[in-house]
Structures are given as structure tokens and as C-alpha cells.
Amino acid sequence: MEKVLSRFAAVSTDPYTALTTWKQDTGRKIIGCFPMRIPEEIIHASGMLPVVMWRGNEAVTLGHSYVHNFNCGLTRSFIDDVMKEKLNFMDGMIFYRSCLQAEEIPSTIELNAPPSHFLYLYLPPLYPGIPFRDFLIQELKRMKQRLEEWSGQEITNESLNNSIEIYNKNRSLLKRIYELRKKRPGTIKAREMLAIVHSSMLMDKEEHNSLLESLLPELEGRKELTGDKIRVVLSGGLCQTPHTAILDLIEETGMVVVDDDIYTGSRYFANDVTLGDNPLESLADRYMKKTPPDPTMGDWNTLWTDYMVDKVKENSAKGMVSLLIKYCPPHLCYYPDIRRRFDKEGIPEVLLEVEHEIVSLEQVRTRLQAFIEVIKGGA
Amino acid sequence: MRQQFKINRLATTGLMGPMVDKHWEELRTAKERGEKVAWCSGVPFIFAYAMDMKCHFMAGYSAYCAGRKAAEQILEIAENTGELPDTCSYHRLHMGMAEAVKNGIPVKEDVILPIPDLMIAGRVCPEMSHYAEALYRKFGIEVVGIELMTPYQESDYSFLEPFVERQFKEVLIPKMEEVCGKPFNYDRMREILTVLKKVATIRNECLEYFKKVPSPWTLWDYGVSLAPVIYLMGKPETVPYYEKLKAELEDRAKNNISAISPEEKYRVFWDGWLPWGFLGQFARKITSYGANPISGRYPWEMFPRPDLIDPEGDPVRTFVKALYTGTMLGNNMAKPGLSLMDKIVPEYNIDGIIFFTAKSCRIWKGQMTMLNQMERRYGIPGITLEADMADGKMFSEAQIDTRLNAFFEVLEARKEKRRWI
Ligand code: SF4
Ligand code: SF4
């Protein structure tokens, strides 16, 4: 088991080596996808490997000649990696806008260091009205067509449904691991969980599936955690991976993460795709699901705060840790509601503003300790 | 001692203040007259106007509010009620204003907005909808959402236009009809477009005068004159305004009168927002070097192609065409922005570029890339000024002064090499 977990951790912390090796071994192309909304299944069906763009593993230097230092960590660090030529193994990149900063990245790359294949998609928000779904399907068709050109391989309904099945399987396996953690909190550390999900964004899904299958029974056999830990859920962290050091700190200070609402977590594998005769439409239907609510999607009617409160309650958690990426407008604009709602419900919530560069772990520790005091005071 | 420079003010621009004030006053008092009110981000306010609703325009209101020196007070209300300081300052202004009106917190009277019957979230930028979403959640104000994607490149117009047209026809118009309880007034929309076409055409003639060396007017003057080609759209009095402005510019040009006296030393491209809350302050700083900002991506996005507007035909379709093919919505992206600069820099004899970077708004994309490209393509230097359009807490004046000093030293050193004239 430790072998599987350390493989996942290695991929998550050093995707550069993992992907270069994969490419050498398979001779196949790699396509980077901007996080959160791009249906990877279509890329998979073209025989290429979809990977979700990540926050790099070093401080931003060169990148700051191309992007303002008050952009979020993901966008700054991704540009930095591109400019340092660390991502030359990516044959193609697909972008869309989730926010203004995300909208700036594609042209910065295309004008300065274009990959061989490049696509900018217009993925609509979840506004009510038929034109939105129609346009989404039209964009997915455009995406499919481009991928066929890039790969030289036709994407048939059959191959797409096959990819959907593989992805659904990955989602259901990840869900099972989450269920396990819910039942026996602490048996899987937060940093391990992050590596499990994050590696899924970076690896061939079939390989990931078989690794998960071998991991599951072993995880089930792990010893129960003893001691009195405070149950919490994590939320936020839109496009980027949280720092493992912060996750460790949450646990070191006496809490245990029972569930989460973060992108490199349960948001990634939420909602299966229904198999059917028109797989592109099925993918569109998954895209249009309103939960988990996504603050970049413009859906004013489905309250993200309802979802969060439910998550806390169904997990009998004592509080929620909000991971807010510095300069992330969708989350920043939503946050006042979250604060108000948690106050109203009387559920403790703490805001951790996270950057690509960790400024001070000590400050985070102090905030977490104060949070624990609040929880204990209320208990 | 450094040479002293000053702006020769145009007489016509003095006429704009009362027109703008009237607009906001009519909006402020609309409910007293039983009129329906909308708030709108992006350009769909024309649909509200066509239905005789009084409507605000998010960026226009924020500029007005900042210009009226009311921003600080309203931003403070927003932050006191939980808004986070790194969000778009226009977002915070609206959250603060709604809070003030709903809860009776006193604010400067001339900037008060009535709570709307409908919010039109015209999503040119995602933040433009975040404020509407947040107000819905906080106060339950009705929203209609329209996605106005910024075109990544010209070749995308062809498939973006039909989608936007469908949204206007299938989502927005039915909503307007429902809220107003009457059928949509296509004829009124045509009338508005007719006036807009006329005004934008004369405006384009005025813009030609920026090419003249020395230029008879400044971007600050044009900034004051933007309302007729945006939220004062369709008002008949906007036509004589631009006619007067054109006559005054013609006269200055004939007599070789420069907008900067005693001489126009540098011709600058101003990228990004005009700093509405600090316009006088920035104008004074830039003028003190004898520099004249004469073009920019933002002021160039106000219906630059009136020739494409055909008020006789389908008014919705022609409006959409003006937005996309007409390059109203594209300049803020790097690729279309670069094409615009490639045209403007040589044609307008630009010496240098000031990239005004609003810390709380990243709509003017690609600034760093443009800075590099312009230097490479034309040997034109540029600087970024990190500031904000409304929130004074976001920047340091001393840092801006230092940057400007360094920039104009470079321009001075390169003056010999000035290639245009
Ligand atoms: S949504 Fe947030 S995390 Fe994602 S790119 Fe935008 S600012 Fe960065
Ligand atoms: S982020 Fe910029 S473009 Fe968007 S609403 Fe704010 S000021 Fe306007």
C-alpha cells in the first residue's frame, strides 16, 4: 500500500518527471487543461492524455515578466513554468475563462511560448435559458473536432462512451475512498488524500483506476485513529492544490479532516456522466449540474453556503476551514456570504488565505489554534 | 527648474457635467415617479432604455461615484459589512451602496442609487456578475444573466454573435417584458441606435484630431466625453455636444493650438482604465512632463464601428454585430489589443505607453506581454503604474511618482531617436 501512496505522492509533487517518463514510455501526446471545467473524457477518447494544469513546485521568478504579481498563485506559477520551459512535454493546451486572471493566461502563452496545439474554449456560466446548453454543446463539438485534428484519430460515440466509463469508474473509486475516510476519519491523512485525487488529474485514468483498486482494501485494513480529534471539513481552494504543509498543520493542531469541498478533492470527482447515445450531450449535462455549487459559474440561485453547511452537518463536523486563494475573485466575492451564514448557523469557520509562496506557517498555526479555542469554547 | 506645462481646457467639455448629473438624478428619483429601475453591468442597458426603464451601468456609475469623491465612504461601508478588500472596487462600491440604501446608512446624496427591480448581469467579465449574484443572495434582488464572452480572437466573432443574439432574444427580452408588463419596444431600440450611430460617427471624426501633432485635445478630455457613446446612449442632446466638440477641435487644429501648452513634448498611449477617482491628480502628474495621452484601449472600445450599426434592420442583431465585429468587446484581450496598438502606435506618433494597472481589476489583459512586444516592435518604452480606478488604499503615490520620473527620463533620452516625426 505504501508503494501506491508514495507513487501518488511522487506524481503529485513532481508531475514533470512522471509525465516526461509517461510520454517516453507510451509515445503519446499530453494535453494540459485549465482546471475545473474542461471535460477530460473527450481528450482521453482521442488517445491523448489530459492533465489538469497545476501550481508549480518553485517560486515564481521569470513568470513575473509576463504576469502581475497580484495574480493568483496558479496563474502566476503556471506561466512561470511555461516560461522556464518546464512544460515542454505538453503537446497542447486548452483554456477557458473561470475568472479574469484565467482569461489572461492563454494569450500570454500563445504570444510568448505557444505549444504545438492550442485551443481557447468559451464555456458558458450556468445561467437559465436554452441558449446556454446549446452553445455549450456547440463548444464541446468544436473541442472534439480540434482534438481529432491534433490526434489524427476519430472520436466515435463508442470511444467517447468508453472513456466516460473509465472516468466514471475513477470517480466511483475516489468516492469510495472518501466514504472510507468519512467512516473512519484519520485513517487517511489529508496530504495523502490530496495526493490520491491530484494524481488522478495527472495520470492515465486506467492506470490510476487499477492503483486505486489495489489501494482500497489495504486502506480498509488501516488501524482506526485513536484520540479525540476535532472533526472539520475543508472548503474552497478553487483551481489550485493546497499546500501539504498547511494540511499537516491542520492535523497537527488537533483536527481531523473528515470531508472536503475543494477542487483537488471531492469537487473533482463529483457527479458521474450518464451513458447514452449522445455522449457529448451527456458531458454537457454533467457540466450543467448545479452542485457542488461553483462560484465561477454565475449560478445565483443555488447557494454554495447551503452546500457547505450540509457538508458540515452530514459529517458531524465541528467547523469548516476555508482555503481562500489570494487574489481569487470568485471566492473573494462569495466569502462575505459564507462568513455571514456560518455566523448565523453558529458553526465555527476559519479563513486561511493561501498564496503560492507560503509566507508564514506560524501565522497559520496561530489562526488554527485560535479556531480550535472557538470550537472548544462552543462545545 | 523643470519647464512648466498646463492643459488648455476645451470649452465644450464643460457642458458634459450637467448632462451626466441629469442622468443620475433621473435614475435616483425614478421610483418617486413610479418608474421601473434596473442595474446593469456590461452593455445590455440599451434593452432597459428601450423599455423606458431607468437603468444604471456598473462601470459608468462607479466612475461617476469615484469622480464625485464618494468612493472612499461607500467602500468603507462595504468593508465594514464584510466585503474583502482584494475584490474589484466596483463590486465593493455596489455592495456598499446597496447596504447603505437598504439599511439607511447616510451617503453622499448625489450618488445614491435606488434599489432596482431587476439586475441585468451582462457578464463581460465574471466579476460583473459576482456583484449581481451577491446582491441576490443578500437582498433577494431579481437577476437575469447574459454571458458576453470577450472574444479571444477575431475569427471567433462568427460563432459568438449568434449565441449572444439568442440570449438577448430568448432570455433578456422576455425577462424585460415580464418585469415591465409590456411588449419589448423594438422601435425605441432603433431610435436609440440611430442617435448612437450619429454620435459615434462624429466622435470618430473627433478622434482623428488625436493624430495631429500637436494634438488639440487630450485623453482626459475624451474621458469626460465618453458618456454619450455609452450610458447616455440615445439622448438627443448628445449629438449637438459632439458637433460642438468637433467644431472646437477643428478650430484648434486650424490654428495649431496644442492641448498642452507651451508645447506637447510626448505623445502617450494610456492603457487600461482611466483612473476615475483620481483623474485630476493623474492628469496633473502626466501634464507636468509635457506629456499628452492621446489614445488607449479603453477609450477606443466605445462603439468604434458605427458604420456597422443598421438601425433600420433587426436592432438586436445589429447591436450584437457592433459589439463583436465592431470590436467593442475585444480590445481588453491581448491579441485584439495588440492589433489595435499596431495600428495606433505608428498612426498616432506614440512615444511611450503607460499601462495603468488596476490592482482590483484584471480586465485589461496582456499588459506585460504588450509592454515587451511594443518595445521589440517599435522601440517604444512602457511602464506599468499599479494603482486602482477607485480605491485609493490600493496604491502609493510616491511609488507612482518614482515610476513616472524614470519613464519620462527614458523618453527624454530617446527623443533623438523618435521615429515618427
Ligand atoms: S478562479 Fe481563482 S484560483 Fe482559479 S484561476 Fe481564477 S483566481 Fe486563480
Ligand atoms: S473586475 Fe474590472 S471589468 Fe470586472 S466588474 Fe470589476 S472593474 Fe469591471
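Definitions and limits used
- Residues numbered from 1 in each chain as written.
- Chains lettered and ligands numbered in written order.
- Predicted model: local features only at pLDDT ≥ 70, side-chain atom pairs only at ≥ 80, totals over all residues.
- Heavy atoms only, no water.
- Core = buried A, V, L, I, M, F, W, Y, C linked by side-chain atoms within 4.5 Å.
- Buried < 20%, exposed > 50% of the residue type's maximum accessible area, 1.4 Å probe, protein only.
- Helix = DSSP H or I, 4+ residues; strand = E, 2+ residues; numbered from the N terminus.
- Domains from an automatic or database assignment.
- Contact = heavy atoms within 4.5 Å.
- Pairing = 2+ DSSP bridges.
- Axes fitted to C-alpha atoms, helices over the stretch in contact; angles between N-to-C directions.
- Buried area = accessible area lost by both parts, 1.4 Å probe.
- Salt bridge = Lys/Arg side-chain N within 4 Å of Asp/Glu carboxyl O.
- Polar contact = N/O pair within 3.5 Å; in protein donor to acceptor, adjacent residues only side chain to side chain.
- Nonpolar A, V, L, I, M, F, W, Y, C, P; charged D, E, K, R; others polar.
- Near = heavy atom within 4 Å.
- Expected span 1.5 Å × (residues − 1).

**Structural notes on the nonpolar core**
All names here are of chain B. Core analysis: the largest hydrophobic core is formed by 299 residues, its most contacted members being Phe47, Phe168, Tyr222 and Phe408. Among the elements that make up this core, the one with the highest residue count is helix H7 (residues 157–180) (12 residues). When residues are assigned to domains, this core turns out to be shared by domain 1 (15–185) and domain 2 (189–417), each giving three or more. Ignoring anything within four residues of it in the chain, the contact list for phenylalanine 408 reads Tyr266, Val268, Ile286, Tyr289, Ala291 and Ile354.

**Examining the sheet that holds strand E9 (residues 352–358) of chain B**
Residues and elements named next belong to chain B. If you trace the four strands from one edge of the open sheet to the other, you get E8-E7-E9-E10, paired in parallel fashion. Here the strands that pair on one side only, and so sit at the sheet edges, are strand E8 (291–295) and strand E10 (382–387). Going from strand to strand, the sheet's axes swing by 35 degrees on average, the running direction of each strand aside. Judged from the four bridges that link them, strand E7 (residues 266–271) and E9 form a sheet pairing that is parallel.

**Concerning the interface of chain B and chain A**
Chain B puts 56 residues into the contact, and the matching count from chain A is 57 residues. Together chain B and chain A conceal approximately 4700 Å² of surface at their shared face, both sides included; 61% is due to carbon and sulfur atoms. Its largest share of buried area at the contact with chain A, chain B owes to Arg137(B), Tyr152(B) and Arg362(B), together 17% of the area lost on that side. Counting every contact that joins chain B to chain A gives six salt bridges. Residue Lys365(B) pairs with Glu103(A) through a salt bridge whose shortest N-O separation is 2.6 Å. Applying the counting rule to chain B against chain A returns 23 residue pairs in polar contact (both at pLDDT 80 or more). Of all elements in the fold, only strand E4 (118–123), helix H6 (126–139), strand E5 (143–147), H7, helix H13 (334–347), E9, helix H14 (367–378) and E10 of chain B reach the threshold of two or more residues within the side of chain B that touches chain A. No other element matches H6(B), which puts eight residues into the side of chain B that touches chain A. For the side of chain B that touches chain A, the per-class residue count stands at 23 nonpolar, 17 polar and 16 charged.

**Some thoughts on the sheet that holds strand E4 (residues 117–120) of chain A**
Residues and elements named next belong to chain A. Overall, parallel pairing links the four strands, which are arranged E2-E1-E3-E4 in an open sheet. Across the chains shown, the open sheet's two edge strands, defined by having one partner strand only, are strand E2 (49–52) and E4. Ignoring which end each strand starts from, the neighbouring axes of this sheet average 20 degrees apart. With four bridges joining them, strand E1 (residues 30–33) and E2 adopt parallel strand pairing. By the bridge assignment, cysteine 33 is partnered in E2 with valine 52. Strand contacts of helix H6 (residues 130–151): E1, strand E3 (92–95) and E4, with the helix running at about 175 degrees to E4, the strand carrying the most contacts.

**Things to note about the site of ligand 1**
Around ligand 1, the neighbouring residues are Phe34(A), Cys72(A), Thr75(A), Ser98(A), Cys99(A), Gln101(A), Cys239(A), Ile325(A), Tyr327(A), Cys328(A), Pro329(A) and Pro330(A). Residues belonging to the shell around ligand 1 are distributed by class as follows: nine nonpolar, three polar and no charged.

**With respect to the pattern of salt bridges**
All names here are of chain A. Summed over all chains, the structure comprises 76 salt bridges over all chains. Salt-bridge contacts for arginine 133 lead to aspartate 285; the nearest nitrogen and oxygen are separated by 3.0 Å. Here arginine 133, found in helix H6, pairs with aspartate 285, found in helix H12 (residues 279–287); they are 152 residues apart in sequence, far enough to count as distant. Salt bridges linked by common partners bring Glu58, Asp80, Asp81, Lys84 and Lys86 together as one network.

**Remarks on H13(B)**
End to end, H13(B) covers 20 Å across 14 residues, agreeing with the expected 20 Å (1.5 Å per residue, within 8%). Buried within H13(B) are the following residues: Ala334(B), Pro336(B), Gly337(B), Leu338(B), Leu340(B), Met341(B), Ile344(B) and Val345(B). Lining the buried residues of H13(B) we find helix H5 (100–112) of chain A together with E7, E8, E9 and H14 of chain B.

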